[in-house]
Amino acid sequence: MGDTRELAEGYTLANDTQYNAGLFLLSRLDIQPGMHVLDVGCGPGNLTAYIARLVGDGGRVVGIDPSEERLAIAKSLPDRQLSFFQGKAEDLSRFESGSFDVVFVNSTLHWVQDQPRAMREFARVLRPGGQLGISGGSGDFVAIHERIKADVLGREPFSAYQEVEPPRFLKRAELEGLLEAAGFRERTIVVNNIVKKARDADDMIDWLDTSSSGKTYGGIPLELRPRARELMKREWEPFVTDEGIKMDMELLVTVAVR
Ligand SMILES: C[S@@+](CC[C@H](N)C(=O)[O-])C[C@H]1O[C@@H](n2cnc3c(N)ncnc32)[C@H](O)[C@@H]1O
């Protein structure tokens, strides 16, 4: 019930929302030619490739992600400064302490199950003075898709199946606490208000599926997913206008210095 080639390929075609959020985060970071950057939860690597162009020929950008399917796409990218490894934010032991100038974490932290451990790893692999950049959904704001997911999966028979690795959207105060505990004393957090647009309910659900590696359906078995999707679609219908669906989202954008 994990990721699939189809979901990974679908994400590369539909991730403009995450890509633009990543560009906003990059505009707040100071990435210079020659730098070493770690992209945690790099997915199919299109933002990783963008960062490779910022660091230039003398720089190095490493992407890490647990999904073999997403990494297969990333590994086909041509940029010479890029390398990719399978792994999770919680365990960056393949990288030496102090070996990166910047750690970049876009649209990923909510999927990280042990966030305190990941934050300690980010601090460890950064050199003193290096920057940590994180952008992701805010736990202080409940977007429509979260309400619809909770509503539909709370009904019979779906409610019998517990979600294995649910998303954990951090509230600003929780994020501050994790940064402080990991030793990031110098930090700024701003809110990035964005609007996710979709043509219709199917388009929105496809985006949610490809973005979450199929976790839109929590822990329910494959055979129940079409039924859950149908019910979710019904819940989206009232939000469809002549211009499609526009969903407000609130992202927390952090820049912290090691
Ligand atoms: C929405 S995608 C974001 C991909 C990319 N950063 C972007 O902005 O387009 C979330 C990514 O987090 C990855 N992921 C899930 N759990 C993770 C973990 N524990 N550590 C690192 N990455 C993780 C997924 O495989 C997926 O590629």
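Everything quoted here is computed from the prediction, not taken from an experiment.

## Some remarks on the overall build of the protein
Link 1 in the chain: What the protein contains, in helices and strands, is 9 helices and 7 strands.
Link 2 in the chain: Dimensions of the protein, computed from C-alpha atoms along their principal axes, come out at roughly 50 × 40 × 35 Å.
Link 3 in the chain: Across the 258 residues of the protein, 40% fall into the buried class.
Link 4 in the chain: Looking at the protein alone, contacts between residues at least 24 apart form 80% of all its contacts between residues at least 6 apart.

## Let's talk about the UniProt feature "domain: Methyltransferase type" (unreviewed entry) in the protein
Link 1 in the chain: Mapped onto the present numbering, the UniProt feature "domain: Methyltransferase type" (unreviewed entry) falls at residues 38-132.
Link 2 in the chain: Structurally, residues 38-132 comprises 29% helix and 29% strand, and the distance from its first C-alpha atom to its last is 10 Å.

## Quick word on the environment of Asp 114
Link 1 in the chain: By the element assignment, Asp 114 lies in the loop between strand E4 (100-106) and helix H5 (115-125).
Link 2 in the chain: For Asp 114, a count of 14 C-beta atoms within 10 Å corresponds to the partly exposed category.
Link 3 in the chain: The sequence separation of Asp 114 and Asp 91 amounts to 23 residues, and the corresponding C-alpha distance is 9.9 Å.

## Some remarks on the nonpolar core
Link 1 in the chain: One finds Val 37, Leu 38, Val 103, Phe 104 and Phe 122 to be the most contacted residues of the largest nonpolar core, which totals 47 residues.
Link 2 in the chain: Dropping the residues within four chain positions of it, Phe 122 is found in contact with Val 103, Leu 132 and Ala 182.
Link 3 in the chain: Core analysis: the second largest hydrophobic core is formed by 15 residues, Val 152, Leu 153, Trp 207 and Tyr 217 among them.

## Comments concerning helix H8 (residues 201-211)
Link 1 in the chain: Among the 11 residues in H8, 9 count as buried, and that is most of the element.
Link 2 in the chain: The complete set of buried residues in H8 reads Ala 201, Met 204, Ile 205, Asp 206, Trp 207, Leu 208, Asp 209, Thr 210 and Ser 211.
Link 3 in the chain: Residues of H8 that are buried make contact with helix H1 (5-14), helix H2 (16-28), helix H6 (144-153), strand E6 (186-198), helix H9 (225-236) and strand E7 (245-257).
Link 4 in the chain: Note on H8: the residue one or two positions beyond its end, Ser 213, has a positive phi of about 55°.

## Regarding the packing of H6 against H9
Link 1 in the chain: Where H6 meets H9, the axes come as close as 10 Å, and the angle between the chain directions of the two elements is 130°. Looking at the two axes, H6 sits oblique to H9. Crossing handedness for the pair H6 and H9: right-handed. Within the contact between the two elements, H6 uses Ile 148, Asp 151, Val 152 and Leu 153 and H9 uses Ala 228, Leu 231, Met 232, Glu 235 and Trp 236.
Link 2 in the chain: Along the lines of polarity and charge, the residues of the contact of H6 with H9 split into 7 nonpolar, no polar and 2 charged.

## Some remarks on the sheet that holds strand E5 (residues 126-137)
Link 1 in the chain: Taken together, 7 strands build an open sheet; the order of strands is E3-E2-E1-E4-E5-E7-E6 and the sheet is mixed. A single partner strand is all that each edge strand has here, and the edge strands are strand E3 (82-86) and E6. Ignoring which end each strand starts from, the neighbouring axes of this sheet average 15° apart.
Link 2 in the chain: Alignment of strand E1 (residues 36-40) against strand E2 (residues 60-65), held across 5 bridges, turns out to be parallel. Within E2, the residue paired with Val 40 across the bridge is Ile 64.

What counts and what doesn't
Residues numbered from 1 in each chain as written. Predicted model: local features only at pLDDT ≥ 70, side-chain atom pairs only at ≥ 80, totals over all residues. Helix = DSSP H or I, 4+ residues; strand = E, 2+ residues; numbered from the N terminus. Buried ≥ 20, exposed ≤ 12 C-beta atoms within 10 Å, placed from the backbone. Contact = placed C-beta atoms within 7 Å. UniProt positions renumbered as here; feature names shortened; annotations may be inferred. Core = buried A, V, L, I, M, F, W, Y, C linked by C-beta atoms within 7 Å. Axes fitted to C-alpha atoms, helices over the stretch in contact; angles between N-to-C directions. Parallel < 35°, antiparallel > 145°, perpendicular 65-115°, else oblique. Left-handed = near helix turned anticlockwise from the far one by under 90°. Nonpolar A, V, L, I, M, F, W, Y, C, P; charged D, E, K, R; others polar. Pairing = 2+ DSSP bridges.

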